[in-house]
Amino acid sequence: MPLHRWKIGLVSALVGALVMPTQAVADTRPTAVVSLGDSAMSGEGAGDYEPGTRGENGNWCHRSTRSMIHRTQLADRTFNLACSGADSANVSLADTTHYTEGSQAKRLIDIAKLNRVTTVVVQVGANDEPAFADTVVSCIKEWFNPFSPGCAPRLRQQWPARLVAMAPRVETALADVRSAMRQAGYADSSYALVLTSYASPLTEKMDPLLHGPQGCPFKLADGKYGRTEAVPQFNEALRGVASRAGVRFLDFSRATENREACSGGGDASREWQRRVTVDPYALVFGGLDAVGIHLAQESFHPNAAAHAQLGGCITQFVRSGSGSARCLAGSDGNLTAVS
């Protein structure tokens, strides 16, 4: 064979080898789901908090081993980055510190590099302008005043504006979660990003005389306002955020319906929301720093039974592929994701 033809053949073979499609390298990292957010997602109220988050050295994140993300059946591993009291800035990539911990989105980057994250669940907004915890405390104060009309008339005027102010902050947090995942090498379409709303802890369906001593010192009209107006409006504001951000939305607003705090009267065993709860272990782990709000930090949060149900609903929702759904109790009493 002439030398020039041999050279041409060799070059052709090399070029062919270079342009041949290569088989994709399998991703052998363990799969994972990750949660970010505040107390409702951290597992506040579910008990069995991770060491280091029980008040030690000022960390009151109260991340529960029973939190809803750990009750999902979606991946090999589950990671809970949520922290009690966190707001949208603490979830975002901003340089913030809350209960000694930095940005949740920044920590997500490291987890997403070491694992193949398939789902990220975010629940945040209550500690922004809605100031949910402070609002609950203000309503409790109204209960002690027999001449007060309650907190509902005042909140009915303020609540819509608070939600409007909150929305862009949650949108920023979601955009930063997207950015964190991109920094970890993920395309937006390669995982599910889910925003959830909140379940109502209150109801007017309580013992009309004994509900205060039973652990729910609220005026019945305020309980009704919270269940039928404040929480549904909050839910719709977050639904709008999810739509504008292009993420999936899971509606928790009715998830604990008929199982709210004190809905069981003298029997709290069937309830999924905590009543006023004083935790003596807060003093054990947090010392004198626990005196005050930390002693009652678990109050009016979903309990372990609720987190098991919510985790099951998240699992159903993510597997369904639907863009939005509601967590509602089925005929068997268990939560179901209803599109």
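Our subject is the structure that appears above.
In what follows, the accompanying structure is described. (Residues numbered from 1 in each chain as written. Predicted model: local features only at pLDDT ≥ 70, side-chain atom pairs only at ≥ 80, totals over all residues. Heavy atoms only, no water.)

Turning our eyes to something else, we now look at the overall build of the protein chain. A count of helical and extended segments in the protein chain gives nine helices and seven strands. On the principal axes, the C-alpha backbone points of the protein chain span a range of 110 × 45 × 40 Å. Counting all 339 residues of the protein chain, 51% fall into the buried class. Considering only contacts within the protein chain whose residues lie at least 6 apart along the sequence, 70% involve residues at least 24 apart. Carbon and sulfur atoms make up 57% of the accessible area of the protein chain, which totals about 15400 Å². (Helix = DSSP H or I, 4+ residues; strand = E, 2+ residues; numbered from the N terminus. Buried < 20%, exposed > 50% of the residue type's maximum accessible area, 1.4 Å probe, protein only. Contact = heavy atoms within 4.5 Å. Areas by Shrake-Rupley, 256 points an atom, 1.4 Å probe, with all protein chains shown as cover.)

Right, let's talk about the nonpolar core for a bit. Residues L36, L108, V117, V120, V122 and L195 are the most contacted members of the largest nonpolar core, which totals 54 residues. Listed by contribution, the elements that provide at least two residues to this core are strand 1 (31-37), helix 4 (104-114), strand 3 (116-123), helix 5 (132-143), helix 6 (152-183), strand 4 (192-196) and helix 7 (220-245). Sorting elements by how many residues they give to this core places helix 6 first, with 12 residues. (Core = buried A, V, L, I, M, F, W, Y, C linked by side-chain atoms within 4.5 Å.)

This next bit is on the state of the cysteines. Evaluated as defined, the whole model comprises four disulfides. The partner cysteine of C216 in its disulfide is C262, sulfur to sulfur 2.1 Å. Taking the sign of the S-S torsion, 95° for the link of C216 and C262, the bridge is right-handed. Here C216 is found in the loop between strand 4 and helix 7, whereas its partner C262 is found in the loop between strand 5 (248-251) and helix 8 (281-286), with 46 residues between them in sequence. C262 carries the same exposure label as C216, and that label is buried. Across a sulfur-sulfur distance of 2.0 Å, C313 and C327 are joined as a disulfide pair. As the torsion about the S-S bond is roughly -105°, the C313-C327 disulfide counts as left-handed. On the criterion of sequence distance, the pair formed by C313 in helix 9 (residues 304-320) and C327 in strand 6 (residues 324-329) is long-range, its members being 14 residues apart. When sorted by exposure, C313 lands in the same class as C327, which is buried. (Disulfide = S-S within 2.5 Å.)

Glancing now at the packing of aromatic side chains. Throughout the structure, instances matching the rule amount to seven aromatic pairs. With a centroid separation of 6.5 Å and an interplanar angle of 65°, the aromatic rings of F132 and W159 are classed as edge-to-face. Here the residue F132 occupies a position in helix 5, and W159 occupies one in helix 6, the gap between them amounting to 27 residues. Among the residues examined, W159 registers a relative accessible area of 2% and is labelled buried. On the basis of an interplanar angle of 80° and a centroid distance of 5.0 Å, the ring pair of W143 and F144 is categorised as edge-to-face. Residue W143 is classed as partly exposed on the basis of its relative accessible area of 29%. Among the aromatic residues, ring-to-ring pairing joins F132, W159, Y198 and F234 into one connected group. Above the face of the F285 ring, R54 is positioned so that its terminal group lies 3.7 Å from the ring centre. For the cation-ring pair, R248 lies above F317, with the distance from its terminal atom to the ring centre recorded as 4.7 Å. (Phe/Tyr/Trp six-rings, centres within 6.5 Å; stacked < 30°, edge-to-face > 60°. Lys NZ or Arg CZ within 6 Å of the ring centre and 35° of its normal.)

Don't take any of this as a statement about function, it's just geometry.
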